[in-house]
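Each chain is listed here by its residues.
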Amino acid sequence: MKNSKNIIFFLVAAVGLLALPLLLQTQGNAWVRIADIALLYVLLALGLNIVVGYAGLLDLGYVAFFAVGAYLFALMGSPHLTETFPAFKAMFPNGLHTSLLIVIPLALLVAGILGAILGAPTLKLRGDYLAIVTLGFGEIIRVFLNNLDHPVNLTNGPKGITAIDSVKFWGLDLGKSLKIGDYTISSVSLYYYLFLAMVIVTVIISHRLQVSRIGRAWMAIREDEIAAKAMGINTRNMKLLAFGMGASFGGMSGAMFAAFQGFVSPESFSLMESVMIVAMVVLGGLGHLPGVILGAILLAALPEMLRYVAGPLQTLTDGRLDSSILRQLFIALAMITIMLARPRGLWPSPEHGKTLKRKGGPASVDISGPGIDAPADEIPDAVARRTSINP
């Protein structure tokens, strides 16, 4: 009975997600574009959830990997390199128009390597210190992108890179509307289906990671790194893997963002973007995939939807209240209210924060997978025996 209900729920959800852009485009492509941006932020939040939610490493420079993926696709899918470097034009006279099947694996690889490079010097840092270092890394990447227009014009500086190719595969150009008989599916709706497919694949990968030995090792590090090390977990390698895996999803999201926008500039990768992505993960529920998705959708769609509230208020006050400031005020009030009412997030993980369970007698500790299950008063002796053998 329960399985049949789950099947019905998934079928209804699948039909709803597939029909959503077709319904939204009847009210204008702006609503479909909001849904597209929300899906991109879901991809980013799922990637950051690996670092923050699973491994417990506060990363405030995550937008750097988003920028790396975006500029990688921009350079490989625009005439910028051909117009800037004569030698490159001699090799590719028509420009380098790279297939999506090549760009996505390359973006995953490059961003993952940069994530591991970032993680290497931060292995012994925790909490605020880790946040400051990752924040600095994100700002360094943004400053580089803003200034690499001389002496060699690689990123075109603050002007950004334009004329980026749309996504094309199997003869289908997502930058153009698709006509099926008398019905027309807009370009933004086609991108919606691509982003939805990528979100589904990312959710499956994230879930499999969560229930694997690697995911359990990450969660053990999140709860208590010293205890995890005492249990024999290689915390160094696990941290590097978390940084690399999370960064790879950020690079993939950036590549899709560049193809969708057709333009990238350093302004799109500011510190506030990193803060918003972290807020999505924390607001939805650390380490819980449905909560992370919910938080990303709310924080991505809420600012756009509040335009329809702040605009009329500005008109009513004869322009004395700026609509952009009102939008930021409403978003801040909504976030404060949610965190006061739901301090563990809108949809928190039922297992997070419940490793210690007291039931009348001595506390029991249950860390499934790489941990132990023993009364609390026996744990110090067990840990002491392990640490005496493996200091």
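Scoring rules and cut-offs
- The numbers attached to residues start from 1 for each chain and follow its sequence in the written order.
- A pLDDT threshold of at least 70 governs which residues receive local features in this predicted model, and a stricter bar of 80 or more applies before side-chain atom pairs are shown or counted, although totals over entire chains, interfaces and linings include all residues.
- For the side-chain quantities, the full set of heavy atoms in the structure was used; hydrogens and water were omitted.
- Only DSSP runs of H or I covering at least 4 residues are called helices, and only runs of E covering at least 2 are called strands; the numbering of each starts at the N terminus.
- Whether two residues are in contact is decided by their heavy atoms: any pair within 4.5 Å suffices.
- Note on areas: Shrake-Rupley with a 1.4 Å probe; residue coverage comes only from the protein chains shown.
- In plain words, nonpolar cores are sets of buried Ala, Val, Leu, Ile, Met, Phe, Trp, Tyr and Cys residues tied together by side-chain atoms within 4.5 Å.
- Each residue gets one of three labels from its accessible area relative to the maximum for its type: buried under 20%, exposed over 50%, partly exposed in between, using a 1.4 Å probe on protein chains only.
- To estimate the expected span of a helix, count its residues, drop one, and scale the result by 1.5 Å.
- Within this document, salt bridges are pairs made up of a side-chain nitrogen of Lys or Arg and a carboxyl oxygen of Asp or Glu, the two lying within 4 Å of each other.
- When two rings of Phe, Tyr or Trp (its six-membered ring) have centres within 6.5 Å they constitute a pair, described as stacked for plane angles under 30 degrees, edge-to-face for angles over 60, and tilted for the intermediate range.
- Counting of polar contacts relies on pairs of N or O atoms within 3.5 Å, with two restrictions inside protein: one atom must be capable of donating a hydrogen and the other of accepting it, and residues adjacent in sequence are counted only when both atoms are side-chain atoms.
- The definitions used throughout rest on a 1 Å grid laid over the protein atoms alone, on which a cavity is an enclosed set of points accommodating a 1.4 Å probe that cannot get out and a pocket is an open set flanked by protein within 12 Å on both sides along at least five of seven lines; lining residues are those having an atom within 4 Å of a point.
- Grid points are joined across faces, edges and corners, and a volume is the space filled by probe spheres set on the points.
- All residues other than Ala, Val, Leu, Ile, Met, Phe, Trp, Tyr, Cys, Pro, Asp, Glu, Lys and Arg, Gly among them, are scored as polar; the first ten of these are nonpolar and the last four charged.
- With axes taken as lines fitted to C-alpha atoms, and helix axes fitted only over the stretch in contact, angles between N-to-C directions fall between 0 and 180 degrees.
- By definition in this entry, angles of less than 35 degrees are roughly parallel, angles greater than 145 are roughly antiparallel, angles of 65 to 115 are roughly perpendicular, and the rest are oblique.
- By definition, turning the near helix anticlockwise from the far helix through less than a right angle yields a left-handed crossing, and turning it clockwise yields a right-handed one.

Draft legend 1. Geometry of the overall build of the protein. Helix and strand counts for the protein come out as 16 helices and seven strands. Long-range pairs, those at least 24 residues apart, make up 71% of the contacts in the protein with a sequence separation of at least 6. Accessible area for the protein stands at about 20,500 Å²; split by element, carbon and sulfur atoms hold 67% of it.

Draft legend 2. Representation of the nonpolar core within the structure. Ranked by internal contacts, the top residues of the largest apolar core, which has 93 residues, are Y191, L194, F195, W218, M256, V264 and F269. When residues of this core are assigned to their parent elements, the largest contribution, 16 residues, is made by helix α2 (residues 29-54). Setting aside chain neighbours within four positions, we find V264 in contact with A70, Y71, A74, G160, I161, I164, F257 and A258.

Draft legend 3. Structural context of helix α3 (residues 63-76). In this model, α3 (14 residues) spans 20 Å end to end at C-alpha, consistent with the 20 Å of a helix rising 1.5 Å per residue. When you tally the buried positions in α3, you get 14 out of 14 residues, the bulk of the element.

Draft legend 4. Focus on the pattern of salt bridges. Counted according to the given criterion, the structure contains four salt bridges. The shortest N-O distance in the salt bridge between E225 and R126 comes to 3.2 Å. Placement of E225 in helix α10 (residues 225-230) and of R126 in the loop between α6 (100-119) and α7 (127-147) is noted, with a sequence separation of 99 residues between them. On the accessibility criterion, E225 (13% relative accessible area) is buried. Between R142 and E139 there is a salt bridge; the shortest N-O distance is 3.0 Å. Of this pair, R142 and E139 both sit in helix α7, separated by three residues, roughly a single helical turn. On the basis of relative accessibility, which here comes to 23%, the residue E139 falls in the partly exposed class.

Draft legend 5. Structural view of the packing of aromatic side chains. Enumeration over the complete set of coordinates arrives at 14 aromatic pairs. Between F65 and F137, the aromatic rings sit 5.8 Å apart at their centres with planes inclined by 35°, giving tilted as the arrangement. Note that F65 is positioned in helix α3 and F137 in helix α7, a separation of 72 residues in sequence. Residue class for F65 comes out buried when judged on its relative accessible area of 1%. On the basis of relative accessibility, which here comes to 17%, the residue F137 falls in the buried class. Here Y192 and Y193 contribute two aromatic rings whose centre-to-centre distance is 5.5 Å and whose plane-to-plane angle is 80°, an arrangement assigned as edge-to-face. Residue classification places Y192 among the buried positions, given a relative accessible area of 2%. The exposure class assigned to Y193 is partly exposed, which follows from its relative accessible area of 25%. Here a set of aromatic residues connected by ring pairs shows up, and it is made of F66, Y71, F257 and F269.

Draft legend 6. Just the environment of G56, in detail. Along the chain, the position of G56 falls in the loop between α2 and α3. Along the backbone, G56 and E223 are 167 residues apart, and their C-alpha atoms lie at a distance of 7.8 Å.

Draft legend 7. Highlighting the side chain of N49. Along the chain, N49 turns up in helix α2. Given a relative accessible area of 0%, N49 falls into the buried group. Among the polar contacts listed, one links the side chain of N49 to the backbone nitrogen of G287, at a separation of 3.0 Å. If near-sequence neighbours (up to four positions away) are discounted, N49 is found in contact with Y54, V281, L286, G287, H288, L289 and V292.

Draft legend 8. A look at the environment of V32. By the secondary structure assignment, V32 is in helix α2. Since its relative accessible area comes to 0%, V32 is described here as buried. Taking C-alpha positions, V32 is 5.7 Å from P21, a pair spaced 11 residues apart along the chain. In contact with V32, other than residues within four places in its own chain, are P21, L24, Q25, V188 and S189.

Draft legend 9. Here's a closer look at unusual backbone geometry. The omega torsion across H150 and P151 is -5°, close enough to zero to call that bond cis. Within the element layout of this structure, P151 appears in the loop between α7 and β1 (168-169). Of note in this structure, N156 is not a glycine but carries a positive phi near 65°. Note that N156 resides in the loop between α7 and β1.

Draft legend 10. Representation of the layout of surface pockets. Taken as a whole, the largest pocket encloses approximately 1,100 Å³ of empty space. Surrounding the largest pocket, 28 residues form its lining, L17, L196, V199, I293 and I297 being those nearest its centre. Here the lining of the largest pocket is built from residues that sort into 27 nonpolar, one polar and no charged. Considering only enclosed or pocket space, the second largest pocket measures out at about 750 Å³ in volume.

Draft legend 11. Representation of the packing of helix α14 (residues 307-316) against helix α15 (residues 323-341) in the model. In the contact formed by α14 and α15, the axes pass within 8 Å of each other and the chain directions differ by 130°. Taken as axis vectors, α14 and α15 run oblique relative to one another. The handedness of the crossing between α14 and α15 comes out as right-handed. For the pair α14 and α15, the contacting residues are R307, V309, A310, G311, L313 and Q314 in the first and S323, L326, R327 and F330 in the second. By residue class, the composition of the contact of α14 with α15 is five nonpolar, three polar and two charged.

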